[in-house]
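# Notes for the structure review
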Amino acid sequence: MDQPTAALFGSLDVDALLHERGTLDPRAYVDPSIHALEQERIFGRSWLLLTHESYLPEPGRFVTARMGEDPVVVTRTDDGTIAAFLNQCRHRGVPICRHETGRARSFTCSYHGWTYNARGRLLSIPNEARLFRCPIDRDDWSATPVPRIEIRHGLVFGCWDPQAPTLAEWLGDALLYFDLAFDAPGGTEALVGVSRRRVAANWKFGAEQFSTDGFHVSFTHASGFAALAAVNPQGDAAPFDVLNPPMTQMHSRYGHGMGFVHDLPAARAQFGANPIVGEWLFGPRLDYLVSKYGEQAREIFPLHMNFFPNTGSLWPNEVRVFNPSGPTHMEFWSWLIVDRQAPDAVKIAMRQDQQRTFGAAGIFEVDDMHNWVEAQRTLTGWQTRQRPFNVEMGTGSAEPAELGLEPVPSEAGARRFHRRWAQLMTTEREAGGIR
Amino acid sequence: MDQPTAALFGSLDVDALLHERGTLDPRAYVDPSIHALEQERIFGRSWLLLTHESYLPEPGRFVTARMGEDPVVVTRTDDGTIAAFLNQCRHRGVPICRHETGRARSFTCSYHGWTYNARGRLLSIPNEARLFRCPIDRDDWSATPVPRIEIRHGLVFGCWDPQAPTLAEWLGDALLYFDLAFDAPGGTEALVGVSRRRVAANWKFGAEQFSTDGFHVSFTHASGFAALAAVNPQGDAAPFDVLNPPMTQMHSRYGHGMGFVHDLPAARAQFGANPIVGEWLFGPRLDYLVSKYGEQAREIFPLHMNFFPNTGSLWPNEVRVFNPSGPTHMEFWSWLIVDRQAPDAVKIAMRQDQQRTFGAAGIFEVDDMHNWVEAQRTLTGWQTRQRPFNVEMGTGSAEPAELGLEPVPSEAGARRFHRRWAQLMTTEREAGGIR
Amino acid sequence: MDQPTAALFGSLDVDALLHERGTLDPRAYVDPSIHALEQERIFGRSWLLLTHESYLPEPGRFVTARMGEDPVVVTRTDDGTIAAFLNQCRHRGVPICRHETGRARSFTCSYHGWTYNARGRLLSIPNEARLFRCPIDRDDWSATPVPRIEIRHGLVFGCWDPQAPTLAEWLGDALLYFDLAFDAPGGTEALVGVSRRRVAANWKFGAEQFSTDGFHVSFTHASGFAALAAVNPQGDAAPFDVLNPPMTQMHSRYGHGMGFVHDLPAARAQFGANPIVGEWLFGPRLDYLVSKYGEQAREIFPLHMNFFPNTGSLWPNEVRVFNPSGPTHMEFWSWLIVDRQAPDAVKIAMRQDQQRTFGAAGIFEVDDMHNWVEAQRTLTGWQTRQRPFNVEMGTGSAEPAELGLEPVPSEAGARRFHRRWAQLMTTEREAGGIR
Amino acid sequence: MNTPRSPFAVDPALQAEIEQFLYHEAALLDEGCFEQWLSLMTPDIEYRMPVTQPALARGQRPIEGTRAMHFEDDHRGLRARVHRLGSKAAWSDQPPPLTRRSITNVRVEPGDDNSLRVRSNFVLYIVRRSAQVDLLAGTREDTLRRVEGSLAIARRSTHLDQQMILANPLSMLF
Amino acid sequence: MNTPRSPFAVDPALQAEIEQFLYHEAALLDEGCFEQWLSLMTPDIEYRMPVTQPALARGQRPIEGTRAMHFEDDHRGLRARVHRLGSKAAWSDQPPPLTRRSITNVRVEPGDDNSLRVRSNFVLYIVRRSAQVDLLAGTREDTLRRVEGSLAIARRSTHLDQQMILANPLSMLF
Amino acid sequence: MNTPRSPFAVDPALQAEIEQFLYHEAALLDEGCFEQWLSLMTPDIEYRMPVTQPALARGQRPIEGTRAMHFEDDHRGLRARVHRLGSKAAWSDQPPPLTRRSITNVRVEPGDDNSLRVRSNFVLYIVRRSAQVDLLAGTREDTLRRVEGSLAIARRSTHLDQQMILANPLSMLF
Ligand code: FES
Ligand code: FES
Ligand code: FES
Ligand SMILES: [Fe+3]
Ligand SMILES: [Fe+3]
Ligand SMILES: [Fe+3]
């Protein structure tokens, strides 16, 4: 097991937050100074999901997005590549782009008309020569660019740290799992309309759960499963046997985690209750994945996952990002994604299934929200911040040095999520790119 | 008079907050670091009112309550005793009990199903043996218990400090006054429905006033008295002569305070305007008290009081608790209590009288709220925090070493409230139980 | 050019906030410790606009006002002078005066009846002799007076610093400009009804813009100008030619700034589109000013201005004050003022023009609000606080040692506003009156 | 569409009349005409607002016992409240808050002989001290009686949708 | 219940017609159809919203003098506002806020000859920039006129229940 | 005033009937009578709430493509939701929030043969955990059908005026 992290940041001792064996100080979810440091050390140098490429089908299209708590503009530039920059005019700070989505080749600030191109480069200042009488250096005074952009299976990621590893390196040994979750024949497309919520809970409640927590399902979602069973006597989406689930938990030393179904019949039972959907997922789609990634594709059917720090997904048709909004709230954006080549009937079925289960009003989603919000609210007390949370599930079993694959529920993934978090939180930014 | 308190806490000098002669720094009502320290040093070791015993008539009944800013569950256990514990699951912090009141013998967390008994002891974790693979120590991972519970005249008190004195010791020389306020033949019962308010004022505005402030009545409540007089030409509840009230202020070096009517005819005039009520209070009830506490019961008719830190009451039918909710708000809970053996007509009369006067919409209550909220709002300024408040009323008279009994209005009780507060605030918690 | 300000305050280095050449750290608009220090060092010793004298036509009239974040009462006393004092009872801090305007010769606190006269002097405490038994010193326990009050052209200013320079000294070389903006034959009067707004932006966004920013007009207000042009083909209030405006920017080393029209025909075109208004402004009014201030009055027609720190105005019929309300909000009060001797038709025309343009719902005002609020909102990010704003416009031109008069748009005035701000922020209060 | 009316069909004239009565009543409160408002109450008015309890969970029985009340007034009690609101010394209401009542979802049913049972929802917007905005909502069940050719309120029971009162001081009439 | 109608009885057809007119008008504003909205105003429209004053305390006389106004428009003034709202450069309204107007407590009285005096309350819910929610409430007094078989607004005077405007920028029409 | 009715004239009896139906429906939701509420839906109910998009800026074309949905239920989907709300394990709704729906600005138009097209606005006040107050507003377009002498909802499309959902968890029915 990794060494415990002992560094101090500010007056906060990480040892007080995260103990070796698996306990976690609840102040990590409420402390304003921890939250402030996260902006620099987590969100300032991690790969963060911005949007789906299908929103930017041609040059001149743009969307606005959010990286941690910072607003950015994401564009398809004239050379067909995607660029992103901070949505803040360098003159007095008004947003450069006021719209959430649209078509534009340049962006003019509403205050004094500074104009930036689709890469955020300062193009012009009205009457600059006569008014400024001093050189306004384009390199100094362009919008802050997001220096690193990568696209993988349609998902557009950005990173503020010029020295960061590549996205593939960042994903590390979890890369295959990422690919199996998001690759599809012909790629994917996102539905129009980002489902956004401001939820009164720290972002880590969401990210950690999506990484690792398959064992809350039978409890938290009991009413949802019963409801589906009641209206569908043949039983769709029944919960697995909690003690012997056909599932494996993946956990990575880089903080990523996933629960996947590890055999085909179980996956068919889980995802293929609707035969139209099953035919696609386990027919053309699986054929494509097997041809590309080999036979192992028949043993990895992703269910829930989080790629560190905050890109969560519920396979096979949703991806979401858990952005902080102060220490006690998260702002989370969820995209519905469907396989581009899937028949329309499959796309419709997936959309309808998603809204009923994990949409903003989904019968599963609402109970997750409830738990997170109530846990956060409880932390407004004082006694409630004095004793650690328990993250010990599965501590007794051997833990691999590298990628972990747990055949039964365990919190090893949560421990790794928090340890990765502590590693970044205690490493100074100046130390160069982090691994 | 006590020595001035000179200790420092954080960067705050208590001398700057509370001067010997009777001035008070307004920052005590707004400063976030003072508020944070209060949670540990005041609410972390004082006896706090939780609920009334009548809400827990038999084993299996529970209510949720609040101690300072912390949520607790209060239960009647199978052995008939009352227990309380922090309402926070030790796993990831979701409340163990979601309901305000009800019947339950165990409590199951909605997130992963950890189950606790009526004393907050961890009973079971779903599939623990197989999933955890490490011993989950029941002593380490039960809900944080409220280690001290005492019940006196139906009022259930709890205290987080295992080394605290008993409730009777805590009340000290104010014990007799507590008993005369809350004892009744056959005990008391609380009406169904806790009247709760979140009020935009620091909790000490309420607690201090209830301790000591009989002299605001004729000013603050002028419109209320006039209204009652207008609809009742015979004149009920007329204010006392301010200069010669038949009242005594009690103040204790432990911070408790009370204003009581010190002669029977005046008490009858005050509380017995409604003959039905008077017959009970000054008949069977007084007989009972005299037989138990002696003739002095005829000279102590409590009117307003606060037992340190935050248990306030307006005799004879209300008890309330002024809990903090951040430095600038209080959340206060008020219970209507009536003598169990009183005739129904008395209970009804008391209930109706209470809603009209000191209920949430009571014609006296609203003007108290107004004063507190406006004083707090004014403290958002900067100049408004630069000069002390005056707490000098009655300073000139001799002050007793022990229990004080003042025959005329005085702020001796307020000075003692604040001095007790400063004593606790400047005493480290590790120093053992405080007196 | 002034020396850069290098002093530290708290952990904040002013050099990090305000660079010599003209860049500004955005943290000046969000940091809570900067905001707290502003209350002491800016609002605690600057001349601040309280109200217009016409609201206090005779002894016994009062209004409540705001100085920074502090509430004050402003009165016309029996000797006809104007006085002001902090609106906070010295006993427990309840506001002394509950009304926004009215008639009163003394003010009685609603809590315990302490009564203060129209200068805030403690007059009486109910039953003081009997109850207090200690001398309550009238000098110690009166409401905190605003020690300095001056009235100039009907505008009532107050200052907390007894050692402050006079208002005329404070205005310094900007005094003439102040006089030309607010003087009028027979004086001015304010309309009934203060237009108040709480706007989610730091107060300095407003104050700085009003000082210096004539160049936002053509961009920010494009839609407003187009709207006026569309309904008035003869074209009223057309924007100036941005490159060759008939305007001069005044900037003072004391932080004041103004944009004025510097020739009469242009002023007539700007302000006299409505002939009724033009006849008054450039007839009797101008005659009066020329007779009093000389021929220069024909070359100074104020348009926008701010007198440091926060008295803004849009000539000729509005004055406003940008008060802070926490670091991220301002509370701003705007008065409509009209020349007392102007014909009624002029007054009506001015009122109607103001509501349409710069009233709370004015077609120009709303776009200013938009820019400020959006710039502030953007500063909730982290990256958005890392790089400076640009305040370099016009840096290349020579800058005068004393009063600056710039014939073309420039941010020299903004630089001077921020430099004056930094000078006060880094000068201790004990150092005596500041210049 | 000439199909027969459903069970939801009502007499539109009666419906409109009752709505007008409630709007008139609300305006009297919003405009501070408390004495006039009081004149709309019958002498035997019962005016109640119980302390709001949490909505019951599935399968829970309500806790037995007498309910605490925010309001439980007869005519004399209301007279006292109205008297206070007319006083210069009613500190919480001098100056008065701005209030605005929207009365919605009015449902009328015939009651005993001369009376009507009227349910309605309300949204009450309150502004104190220029910038303290509160919003309350709830539902009411009134008994209206025809009195001398006009209408009067004989009983009002208000359910306020706040267990924790946030709009303090609660000096408004409902 | 066949007892005679009270003073609150109204013509239900007229009441419904006026309500429908006001709902239609509100929908035009909520849907951004500002030109169509403008066409509901008479050419001599008086459109006003005075700066909200504190409610008067008992016994205080109102302060004399001319009132300041948030809105004081004639038809030309409204045309200018509508023109601006149609511009791409109306920054505060591009993208437009989401708005929803609930019009309640409609009370109709006959006015001079051809006109009606209509009072109503409103609750206006506004969302800007996806998460800045504001709520306004108030009351209006309109003069409606029958014009060519339809209805038009000849005068609107709005009282906004906020002394301190919190819903900035205040670029909405009322 | 006896001038002829304007285009805003409606049948007051029909208007009142539809309003009563919508008030009844709202009360069933506010009182937690979900099964009864479900019985007001036709078997072929289409119940939808698209994810709210920003209002379009002047001159912008809408982005093409399939819309994401917050709700897109048929009868079976609603049965599942109602089943869950009846469960003790529906954590977010046990105890249930206090909710209060005000239905306003009801506009009725005849639809195909047997149906009515009804638009209405709503203000939904929600209180969770005693002090978490949320307010939602929006507009709905319903298709009502006359069924066996009564009314039923055959289609409801709700537009919620929040792009960023603030009232979480969004477990309410609309
Ligand atoms: S703030 Fe963008 S151009 Fe000035
Ligand atoms: S949080 Fe309670 S069981 Fe997991
Ligand atoms: S607070 Fe003003 S008299 Fe006591
Ligand atoms: Fe879940
Ligand atoms: Fe009191
Ligand atoms: Fe401007």
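Here we summarise the structure given alongside this text.

## What about the overall build of chain A?
The number of helices and strands found in chain A is 13 helices and 24 strands. Relative to its length of 435 residues, chain A is compact, with a C-alpha radius of gyration of 22 Å against a globular reference of 22 Å. In terms of principal-axis extent, the alpha carbons of chain A reach across some 75 × 55 × 40 Å. Out of the 435 residues belonging to chain A, those deemed buried represent 66%. A fraction of 64% describes how many contacts in chain A between residues 6 or more apart in sequence connect residues 24 or more apart. Here chain A displays about 13300 Å² of accessible surface, and carbon together with sulfur accounts for 52% of that area. Each charge class in chain A was averaged separately, 42 positive and 51 negative side chains, and the resulting centres sit 7 Å apart.

## Quick notes on the relation of the copies chain A and chain B
Between the two copies, chain A and chain B, the superposition gives an RMSD of 0.0 Å; the rotation angle is 120 degrees and the shift along the axis is 0.0 Å. Those values place the two copies in the arrangement expected of a three-fold rotation axis. Of every C-alpha in chain A, the one belonging to Pro32(A) sits nearest the axis of rotation, 7.7 Å from it.

## Topic: the pairing of strand β4 (residues 115-128) of chain D
The two faces of a sheet get side chains in turn, since along a regular strand they alternate between them. Residues and elements named next belong to chain D. For β4, a buried count of 12 out of 14 residues is recorded, marking the element as mostly surrounded by other parts of the structure. The pairing of strand β3 (residues 98-110) with β4 spans 11 bridges and is classified as antiparallel. Across the sheet, the residue bridging to Pro110 is Leu116, located in β4. Linkage of β3 to β4, two consecutive antiparallel strands, is achieved through a turn of four residues. Across 14 bridges, β4 lies against strand β5 (residues 132-147) in antiparallel orientation. Looking at the pairing, Val118 lines up with Asp142 of β5. Where β4 hands over to β5, the hairpin turn is made up of three residues, of which Arg129 adopts a positive phi near 50 degrees.

## What to know about the interface of chain B and chain C
Taken together, the 42 residues of chain B in the interface contact 40 residues of chain C. Summing both partners gives a buried area of about 3300 Å² for chain B against chain C, and 55% of it is carried by carbon and sulfur. When the buried surface of chain B facing chain C is broken down by residue, Trp382(B), Gln383(B) and Arg387(B) rank first, second and third, together holding 21% of it. Here chain B and chain C share two salt bridges between them. When the shortest N-O distance is used, the salt bridge between Glu411(B) and Arg92(C) registers 3.1 Å. Connecting chain B to chain C are 19 residue pairs in polar contact (both at pLDDT 80 or more). Among the elements that line the side of chain B that touches chain C, the one with the most residues is helix α12 (residues 365-378) of chain B, at six residues.

## Some thoughts on the interface of chain A and chain B
If you look at the interface, chain A gives 42 residues, while chain B gives 41 residues. Between chain A and chain B, a total of about 3400 Å² is buried, with carbon and sulfur atoms accounting for 55% of that surface. Among the residues of chain A in contact with chain B, Trp382(A), Gln383(A) and Arg387(A) are the three that bury the most area, contributing 21% of the side total. Linking chain A with chain B are two salt bridges. On inspection of chain A and its partner chain B, the count reaches 19 residue pairs in polar contact (both at pLDDT 80 or more). Broken down by class, the residue content of the side of chain A that touches chain B amounts to 16 nonpolar, 18 polar and eight charged.

## Considerations on the coordination of the iron ion (ligand 6)
Residue and element names in this part refer to chain C. Note on the iron ion (ligand 6): its protein donors are His216 (NE2), His221 (NE2), Asp368 (OD) and Asp368 (OD). The metal-donor distances range over 2.1 to 2.4 Å. Given four donor atoms and angles of 58 to 146 degrees at the metal, the environment of the iron ion (ligand 6) is assigned as irregular. Donor residues for the iron ion (ligand 6), ordered by position in the chain, follow H-x4-H-x146-D. You can see His221 sitting in the loop between α7 (217-220) and α8 (222-231) and its partner Asp368 sitting in helix α12 (residues 365-378), a full 147 residues away along the chain. Classification of His221 by relative accessible area gives buried; the value is 1%.

Scoring rules and cut-offs
- Residues numbered from 1 in each chain as written.
- Chains lettered and ligands numbered in written order.
- Predicted model: local features only at pLDDT ≥ 70, side-chain atom pairs only at ≥ 80, totals over all residues.
- Heavy atoms only, no water.
- Helix = DSSP H or I, 4+ residues; strand = E, 2+ residues; numbered from the N terminus.
- Rg over C-alpha atoms; globule rule 2.2 N^0.38 Å.
- Buried < 20%, exposed > 50% of the residue type's maximum accessible area, 1.4 Å probe, protein only.
- Contact = heavy atoms within 4.5 Å.
- Areas by Shrake-Rupley, 256 points an atom, 1.4 Å probe, with all protein chains shown as cover.
- Lys, Arg positive; Asp, Glu negative; His and termini not counted.
- Charge placed at Lys NZ, Arg CZ, Asp CG, Glu CD.
- Least-squares fit on C-alpha atoms with pLDDT ≥ 70 in both.
- Pairing = 2+ DSSP bridges.
- Buried area = accessible area lost by both parts, 1.4 Å probe.
- Salt bridge = Lys/Arg side-chain N within 4 Å of Asp/Glu carboxyl O.
- Polar contact = N/O pair within 3.5 Å; in protein donor to acceptor, adjacent residues only side chain to side chain.
- Nonpolar A, V, L, I, M, F, W, Y, C, P; charged D, E, K, R; others polar.
- Donors = N, O, S within 2.8 Å, 3.2 Å for Na, K, Ca; no water.
- Tetrahedral: all angles 85-135°; square planar, octahedral: opposite > 155°, others 65-115°.

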